[in-house]
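A closer look at the structure
Listed here are the chains, written in short residue letters.
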Amino acid sequence: QIQAEGAGRWRLLGSVPLRELDRELELRLDERGEARTVAGLLVELAGDRVPTAGETFALPDGDSLEVVEASPRRVRVARLHRRKVP
């Protein structure tokens, strides 16, 4: 569900719980809003709509989330770009 792609990049399934992502990569994403999954967070960041592939959203700490695969109803795959690798 969380796959390293190289220095500072991870491929994530949209269904990955934010708590799991936080534990594995030392993030604090589960403290934001009401989202519980990567896909839910991306929908929140996009203004309560399902974002399309290629859209990228900045996170408060300087990291970013990019939508890799999405259908009209859900985000399937995303990519996390870390500014600083822990």
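Let us look at the structure shown here. (Residues numbered from 1 in each chain as written. Predicted model: local features only at pLDDT ≥ 70, side-chain atom pairs only at ≥ 80, totals over all residues. Heavy atoms only, no water.)

**Observations regarding helix α2 (residues 38-45)**
Side chains of residues three or four places apart in an α-helix project in the same direction, reflecting 3.6 residues per turn. Threshold: Each residue's exposure class comes from its accessible area (1.4 Å probe, protein chains only) as a fraction of the maximum for that residue type: buried when under 20%, exposed when over 50%, partly exposed otherwise. Helical segments are the DSSP runs of H or I of at least four residues, strand segments are the runs of E of at least two, and each set is numbered from the N terminus. The directions considered for the arc run from the helix axis to the C-beta atoms. The contact criterion used throughout is that any non-hydrogen atoms of two residues lie within 4.5 Å.
Taken together, the buried positions of α2 are Val38, Ala39, Leu41 and Leu42. In a view along the axis of α2, the buried residues occupy a sector of 160°, so they form one face of it. Buried residues belonging to α2 abut β2 (9-13), α1 (18-25), β3 (56-58), β4 (64-70) and β5 (75-81).

**A few points about the pattern of salt bridges**
Applicable threshold: When a carboxyl oxygen of Asp or Glu is within 4 Å of a side-chain nitrogen of Lys or Arg, the pair counts as a salt bridge.
All chains considered together, the criterion is met by six salt bridges. Here Arg79 makes a salt bridge to Glu5, at a shortest N to O gap of 2.5 Å. Pair noted here: Arg79 is in strand β5 and Glu5 is in strand β1 (residues 2-6), with a separation of 74 residues, a long-range link. Residue classification places Arg79 among the buried positions, given a relative accessible area of 14%. Looking at Glu5, the relative accessible area reads 29%, which means it is partly exposed. With a shortest N-O distance of 3.5 Å, Arg11 and Glu69 are connected by a salt bridge. A residue pair is termed long-range when its members are at least 10 positions apart, and Arg11 in strand β2 and Glu69 in strand β4 qualify at 58 residues. Among the residues examined, Glu69 registers a relative accessible area of 35% and is labelled partly exposed. Linked through salt bridges whose partners overlap, the residues forming this network are Glu5, Arg9, Glu66 and Arg79.

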